[in-house]
Amino acid sequence: MIIVLVCFRGLLYNGKNNMQAWGLIVLLISKAAGHSADIPDMEQDKAAGVLHSQRALAEVTEMIRTSHLVHKGLVNLQPPNNVDASGDMMFGNKIALLSGDYLLSNSSIELANLRNQELVELMSSAVRDLTEAEFVGPRDRQNNPLPAKPKAKQVEYKQFIENNLEPLIVSEALGNAQAEWTLRNVLNAGSLLGKSCQGTLKLAGHSEDLQEKGYLFGKHLALAWQACLDREPFQPGSSGSFSLVCAPLMFTLQNKPELYEHIEKGLENVDEVDYDLLRAEVLEGPGLELTKKLQKEHSQAALKVLNELPASDARTALANIIAAVQES
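These numbers come from a predicted model, not from an experiment.

Some details on the pattern of salt bridges
Line of reasoning, step 1. What the rule picks out here adds up to 10 salt bridges.
Line of reasoning, step 2. With a shortest N-O distance of 3.2 Å, Lys202 and Glu118 are connected by a salt bridge. One end of the pair, Lys202, is in helix 7 (residues 177-203); the other, Glu118, is in helix 5 (residues 117-133), and 84 residues separate them in sequence.
Line of reasoning, step 3. Assessed through its relative accessible area of 51%, Glu118 is described here as exposed.
Line of reasoning, step 4. Residues Asp276 and Arg279 are paired through a salt bridge, measuring 4.0 Å at the closest nitrogen-oxygen approach. With Asp276 and Arg279 both in helix 11 (residues 275-284) and 3 residues apart, this pair spans about one turn of that helix.
Line of reasoning, step 5. Assessed through its relative accessible area of 54%, Asp276 is described here as exposed.

Section: the packing of aromatic side chains
Line of reasoning, step 1. Tallying each qualifying case throughout the model produces 3 aromatic pairs.
Line of reasoning, step 2. Judged by centre distance (5.7 Å) and plane angle (85°), the rings of Trp22 and Trp225 are edge-to-face. Placement of the pair is Trp22 in helix 2 (residues 22-33) and Trp225 in helix 8 (residues 208-231), with a sequence separation of 203 residues.
Line of reasoning, step 3. One aromatic cluster is present, formed by Phe234, Phe242 and Tyr275 through successive ring pairs.

Describing the side chain of Asn176
Line of reasoning, step 1. With respect to the helices and strands, Asn176 occurs in the loop between helix 6 (170-173) and helix 7.
Line of reasoning, step 2. Given a relative accessible area of 0%, Asn176 falls into the buried group.

Looking at the side chain of His206
Line of reasoning, step 1. Relative to the elements of secondary structure, His206 occurs in the loop between helix 7 and helix 8.
Line of reasoning, step 2. Only 2.8 Å separates the side chain of His206 from the backbone oxygen of Gly34, close enough to count as a polar contact.
Line of reasoning, step 3. Apart from residues no more than four positions distant in its own chain, His206 is found in contact with Ala33, Gly34, His35, Leu201 and Gln211.

Observations concerning the environment of Glu289
Line of reasoning, step 1. The topology assignment puts Glu289 in helix 12 (residues 287-306).
Line of reasoning, step 2. Given the relative accessible area of 59%, Glu289 is considered exposed.
Line of reasoning, step 3. For Glu289 and Pro248, which are 41 residues apart along the polypeptide, the C-alpha to C-alpha distance reads 8.1 Å.

With respect to the confidence of the model for the protein chain
Line of reasoning, step 1. Across the protein chain, pLDDT averages 85, with 85% of residues at or above 70.
Line of reasoning, step 2. Confidence drops under a pLDDT of 50 for residues 1-19, and excluding neighbours within four residues, the segment shows 42 contacts in the predicted structure.

Re helix 12
Line of reasoning, step 1. Taking 1.5 Å as the rise per residue, helix 12 with 20 residues should run 28 Å; its terminal C-alpha atoms sit 29 Å apart, in good agreement.
Line of reasoning, step 2. Buried residues along helix 12 sit against helix 2, helix 7, helix 8, helix 9 (247-255), helix 11 and helix 13 (313-327).

Overview of the nonpolar core
Line of reasoning, step 1. Counting 47 residues, the largest nonpolar core has Ile25, Leu119, Leu193 and Phe217 as the members making the most contacts within it.
Line of reasoning, step 2. When residues of this core are traced back to their parent elements, those giving at least two are helix 2, helix 3 (52-72), helix 5, helix 7, helix 8, helix 9, helix 12 and helix 13.
Line of reasoning, step 3. Examining the composition of this core, we find that 9 residues originate from one element, helix 7, more than from any other.
Line of reasoning, step 4. Discounting residues that sit within four places of it in the chain, Phe217 has contacts with Ile25, Ile29, Cys197, Ala302, Val305, Leu306, Leu318 and Ile322.

A short note on the packing of helix 3 against helix 5
Line of reasoning, step 1. Running from N to C, helix 3 and helix 5 cross one another at 20°; their axes reach a closest spacing of 11 Å. Judged by the angle between their axes, helix 3 and helix 5 are roughly parallel. In this structure, the crossing between helix 3 and helix 5 has a hand that is right-handed. Facing Leu57, Thr61, Ile64 and His68 of helix 3, the residues of helix 5 in contact are Leu119, Met123, Val127 and Leu130.
Line of reasoning, step 2. The residue inventory of the contact of helix 3 with helix 5, partitioned by class, reads 6 nonpolar, 2 polar and no charged.

How each quantity is defined
- All chains use their own residue numbering, which begins from 1 and follows the written sequence.
- It should be noted that, the model being predicted, local features are given only for residues of pLDDT at least 70 and side-chain atom pairs only at 80 or more, the latter also being counted only at that level, while totals for whole chains, interfaces and linings use all residues.
- Based on all heavy atoms of the structure, the side-chain values leave hydrogens and waters out of the count.
- Whenever Lys or Arg places a side-chain nitrogen within 4 Å of a carboxyl oxygen from Asp or Glu, that contact is recorded as a salt bridge.
- Numbering goes from the N terminus for both helices and strands, where a helix is a DSSP run of H or I of at least four residues and a strand is a run of E of at least two.
- Relative accessibility thresholds used throughout: buried, under 20% of the residue-type maximum; exposed, over 50%; partly exposed, between the two (1.4 Å probe, protein chains only).
- Between 30 and 60 degrees the pair is tilted, below 30 it is stacked and above 60 it is edge-to-face, where a pair is any two Phe, Tyr or Trp rings, Trp via its six-membered ring, whose centres lie within 6.5 Å.
- Two N or O atoms form a polar contact when they lie within 3.5 Å of each other; inside protein one atom must be a possible hydrogen donor and the other a possible acceptor, and for residues adjacent in sequence the pair counts only when both atoms belong to side chains.
- In what follows, a contact means two residues having at least one pair of non-hydrogen atoms within 4.5 Å.
- Confidence scores here are pLDDT values: one per residue, from the predictor, ranging 0 to 100.
- Every helix has an expected span of 1.5 Å times one less than the residues it contains.
- Buried Ala, Val, Leu, Ile, Met, Phe, Trp, Tyr and Cys residues that are joined via side-chain atoms within 4.5 Å together make up what is termed a nonpolar core.
- Helix axes use the C-alpha atoms of the stretch in contact, all axes being lines fitted to C-alpha atoms, and the angles between their N-to-C directions lie in the range 0 to 180 degrees.
- Relative orientations are named as follows: roughly parallel for angles under 35 degrees, roughly antiparallel for angles over 145 degrees, roughly perpendicular for angles from 65 to 115 degrees, and oblique for any other angle.
- The sense of a crossing depends on the near helix, which, turned anticlockwise from the far helix by less than a right angle, makes the crossing left-handed and, turned clockwise, makes it right-handed.
- Classification used: nonpolar for Ala, Val, Leu, Ile, Met, Phe, Trp, Tyr, Cys and Pro, charged for Asp, Glu, Lys and Arg, polar for all others including Gly.

Here it is, written out as structure tokens:
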């Protein structure tokens, strides 16, 4: 039982399935955009309306995403007094690590088989971003992420703004609620979905301008989805722990910096954090409303890009996904 819990701990959050259908979205954006006329017939899956290479890329995206979640499920706890329990935990960690490595290695093989150097570089950078996300901001001794101490003055964060090519400066984002949340989640999710959508349009022979719009669509959709997930632990009747780097709490800390002392209690162990107190502060403060606003902004940005594609059933399906995210 412990082995199973460790392997799939990363796939579950707050008791709910947290596996976004990245592969489905990649296939839908592929079908919605179509492909250039010079694509050979052998490469086309005319029944599905996508290319065989695009289907393979969607599978690669799912494997990378799942391997990342499995790796995040590793348990980094202090050894308990019960030696047998500690042994089970270590064995479960090994299974989770090997499972994640297996999925990641297979995704690399499938990606290499597409024989597109530019696509390999693009998706490799997405894997790099997933890794970098694990080193942003402070963490407790069990390696759970903690928000940075709120800064007194908010500054505009220039990273991840459309067409911005300046080097990534993490220190500017940390302590600024919206900037820090955006940085964490672009690296942790938005980059993979955005670059997968960009890559699938590259395979279809579309212009660089449309490829860039594909990236923006995926990035904004991933951020809207994450904002939606961040609000779930604060629904009526909810209880228990939640992510300390979720948007509602980070906005609340920015509005009421003195609450950060309760976050600092979790440096040794997040179990020392008074989640009930923090939940009450989030419900009373502006955090949920600001998160809802953030969710709407990214949903509308994704929809704006989507509406530039020709009308089709695939575009309608994606619009319905965005509407569901925006209204939830």
